[in-house]
Amino acid sequence: MQISKKSVFDIAIIGAGINGSVLAYFLEKAGKKVAVFDGGGIASGGSGAAGAFISPKIAKGGDLKAISDEAFDFSLAFYNNYFPEYITSSPLLHLSKQASENEKVRYFKEHTSLHVNNPSEALMDILEPSSKDFESLYLEKSGVVDAKGICKALLSGVEFINEEVTELSCVVRDEEALLGCKDNIWHINDYKALHVCLATGAYKKLLDLPYIALRGVWGHRIDIETSTIIPVNIHQYVSISATKKGKAAIGATHDVHFHPQKNTQAYDIESGRAELLKKASQTIKLSDLKILKDYVGLRSGSNDYLPIIGSLVDVEKTIQKFPKILKGKKHPREELCYYPNLSMINGTGGYGFVLAPYLAKKLTDKIVKEKKIDKRLEPVRFFERWAKRV
Ligand SMILES: Cc1cc2nc3c(=O)[nH]c(=O)nc-3n(C[C@H](O)[C@H](O)[C@H](O)COP(=O)(O)OP(=O)(O)OC[C@H]3O[C@@H](n4cnc5c(N)ncnc54)[C@H](O)[C@@H]3O)c2cc1C
């Protein structure tokens with residue numbers, strides 16, 4: 001169906017990865033007229049490459065652990081309740097990679113509210129002997145999502161516009177709106193919307209936001225066929241999914257040296273495969289193994305490892321209003337100048353499928369009901385740090 005370029009969308013989301021797709025889903029359910037733009041197609045970025053394991057972050061504490069625990073519960077229930085055909089549920093067997101990680105796994109077992117046990121001896125017997133030297137835990141519930149399938153399903157009720165956004169500008173109708181930011185229209189290529197949300201992952205930047213630094217970490221994962229029966233999802237040196245009809249997913253590498261937009265040499269797929277298979281074989285012997293498909297993509301991580309959701313500070317206008325901000329003077333966040341009706345959802349690192357439903361719900365509540373966002377997650381935190389440095 002041809003979409004009229006004259007109509008004004010309530011919200012335009014740029015990027016059809018898991019973050020953009022699930023945000024579109026919640027906004028559409030909240031009654032908004034949503035359009036999602038992606039030049040590469042649905043889940044053509046990091047999301048399409050993901051193994052999409054839904055598992056909690058095993059850590060001793062910290063903000064990311066607290067947020068990811070909450071998100072894990074929320075997102076697992078979300079996928080199971082609303083999209084059960086796109087999630088394969090299995091227990092999780094998590095093993096330390098080395099002795100120095102044992103303490104972290106023990107701490108997690110003792111402090112988590114999740115239903116955690118020690119794995120049975122029978123389960124441990126399927127592993128390579130050396131992998132059993134370390135601390136382990138067994139979690140009743142975890143899952144693997146069909147990454148591309150879920151993004152497509154989330155967008156099924158939403159306008160999808162298969163275009164790379166190259167032009168993004170805001171026409172402010174009322175000078176007052178420069179500070180209050182009310183009456184304005186965003187132009188997205190030839191389309192218009194009242195609100196824009198950037199869900200562009202680690203790919204090209206659309207606006208000059210010098211305070212937002214996103215690291216793209218390249219990853220490679222594979223689908224395999226094997227005669228070995230793997231009854232649970234296993235996480236150790238890499239993640240190995242439970243087998244379904246003799247097939248499993250292995251992922252993923254963390255390659256900080258390769259970047260598709262920066263490297264001149266092509267990515268070496270053979271060495272990525274070799275690394276994945278070597279790491280998997282340290283945990284479990286996979287018999288009659290055949291590689292079915294390779295997936296590669298960038299994860300997008302923030303400098304403090306926490307995800308980023310919320311409104312974006314307009315640097316130029318804020319500095320004009322508060323020139324001393326660059327000399328270290330502090331101002332309350334609500335007094336800074338923000339782009340009118342512009343939000344971001346990004347920085348979900350290696351946990352995008354765990355975090356996205358939880359974050360997108362929070363961002364929807366902000367956009368629709370003006371609910372406040374957790375201060376730790378707002379993009380303005382990076383502006384404050386950047387202004388101090390500059
Ligand atoms: C190999 C690998 C394995 C992973 N495994 C897991 C896992 O097991 N569990 C888990 O939870 N997470 C996993 N992740 C992480 C997860 O995939 C990411 O956190 C998640 O994909 C981020 O989603 P996103 O929507 O922010 O970004 P992306 O999926 O990268 O989407 C951004 C989209 O924006 C589009 N875009 C950018 N600029 C424009 C523009 N100007 N116009 C139009 N479109 C634009 C891009 O084409 C892209 O499709 C993995 C990642 C990788 C790479």
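Note that the structure is predicted; figures quoted are calculated from it, not measured.

J.: Quick question: what am I supposed to make of the overall build of the chain here?
T.: If you tally the helices and strands in the chain, you get eleven helices and 17 strands. In terms of overall dimensions, the chain has a C-alpha envelope of 70 × 50 × 45 Å along the principal axes. Counting the 390 residues in the chain, one finds 53% classified as buried. Long-range contacts, defined as pairs at least 24 residues apart, comprise 77% of the intrachain contacts of the chain with a sequence gap of at least 6. Surface exposure of the chain reaches about 18,600 Å², of which carbon and sulfur atoms provide 49%. Seen as two clouds, the 53 positive and the 46 negative side-chain charges of the chain have centres 2 Å apart.

J.: Please clarify how the site of the ligand should be interpreted in this entry.
T.: In the region of the ligand, 38 residues are neighbours, and N19, D38, S47, V165 and G349 sit closest. Residue G46 places a main-chain N or O atom 2.9 Å away from an oxygen atom belonging to the ligand. In the environment of the ligand, an oxygen atom lies 3.1 Å from a nitrogen or oxygen atom belonging to the backbone of G352. Here the ligand loses 95% of its free accessible area of 990 Å² to cover by the protein chains. Secondary structure elements with two or more residues in the shell around the ligand: α1 (18-29), α2 (46-49), β11 (215-225), β15 (290-301) and α10 (352-369). Residues of the shell around the ligand, tallied by class, amount to 16 nonpolar, 18 polar and four charged. Three or more residues apiece are contributed to the shell around the ligand by two domains, here domain 1 (8-46 + 151-213 + 304-389) and domain 2 (89-142 + 215-299).

J.: Just to check I follow, could you spell out α10 for this structure?
T.: Since the α-helix advances by 3.6 residues per turn, residues separated by three or four positions end up pointing in the same direction. Compared with an ideal rise of 1.5 Å per residue, which puts 18 residues at 26 Å, α10 spans 24 Å between its outermost C-alpha atoms and is within 8% of the ideal. Burial of α10 is extensive: 13 of the 18 residues sit out of reach of the surface.

J.: How do you make sense of the domain arrangement of the chain when you look at a structure like this?
T.: Buried accessible area, meaning the area lost when the parts come together, often serves as the stated size of an interface. Taken domain by domain, the chain consists of domain 1 (8-46 + 151-213 + 304-389) and domain 2 (89-142 + 215-299). Distance from the C-alpha centre of domain 1 to the C-alpha centre of domain 2: 33 Å. Counting residues at the interface gives seven residues for domain 1 and seven residues for domain 2. Of the roughly 590 Å² buried where domain 1 meets domain 2, counting both sides, 57% is carbon and sulfur surface. When residues of domain 1 are sorted by the area they lose upon contact with domain 2, A202, Y203 and Y305 head the list and together hold 57% of the total. Here domain 1 is connected to domain 2 by zero residue pairs in polar contact (both at pLDDT 80 or more). Residues that form the side of domain 1 that touches domain 2 fall into these classes: four nonpolar, three polar and no charged.

J.: Quick question: what am I supposed to make of the packing of α1 against helix α3 (residues 63-82) here?
T.: Axis separation between α1 and α3 bottoms out at 14 Å; the angle between their running directions is 65°. Crossing handedness for the pair α1 and α3: left-handed. When α1 is examined against α3, the residues I18, V22, Y25 and F26 are found in contact with a partner set consisting of F74, F78, Y79 and Y82.

The rules behind each value
For every chain, the first residue of the written sequence is number 1, and numbering continues from 1 onward in sequence order. Given that this is a predicted model, residues contribute local features only at a pLDDT of at least 70 and side-chain atom pairs are listed and counted only at 80 or more, while totals for whole chains, interfaces and linings are drawn from all residues. With hydrogens and water stripped out, all remaining heavy atoms of the structure feed into the side-chain values. Helix and strand assignments come from DSSP, with helices taken as H or I runs of at least 4 residues and strands as E runs of at least 2, each series counted from the N terminus. Relative accessible area decides the class of each residue, using a 1.4 Å probe on protein chains only: under 20% of the type maximum gives buried, over 50% gives exposed, and in between gives partly exposed. Between two residues, a contact is recorded if the distance between any of their heavy atoms is within 4.5 Å. Methods summary: accessible areas were calculated by the Shrake-Rupley approach with a probe of 1.4 Å, and residue burial reflects only the protein chains presented. Positive residues here are Lys and Arg, negative ones are Asp and Glu, while His and the chain termini are left out of the count. A charge is said to be at NZ when it belongs to Lys, at CZ for Arg, at CG for Asp and at CD for Glu. Residues are counted as near a molecule or strand when any one of their heavy atoms sits within 4 Å of it. Side-chain atoms alone can form a polar contact between residues adjacent in sequence; in general such a contact is a pair of N or O atoms within 3.5 Å, and within protein one must be able to donate a hydrogen while the other accepts it. Gly is put with the polar residues, along with every residue not named as nonpolar or charged; the nonpolar set is Ala, Val, Leu, Ile, Met, Phe, Trp, Tyr, Cys and Pro, and the charged set is Asp, Glu, Lys and Arg. Marked domain ranges trace back to an automatic or database domain assignment. Here the expected length of a helix is defined as 1.5 Å per residue gap, with one fewer gap than residues. When two components associate, each loses some accessible surface as probed by a 1.4 Å sphere; the sum of these losses over both components is called the buried area. All axes here are fitted lines through C-alpha atoms, helices being fitted over the stretch that makes contact, and every angle between N-to-C directions spans 0 to 180 degrees. Should the near helix be turned anticlockwise from the far one by less than a right angle, the crossing is termed left-handed; should it be turned clockwise, right-handed.

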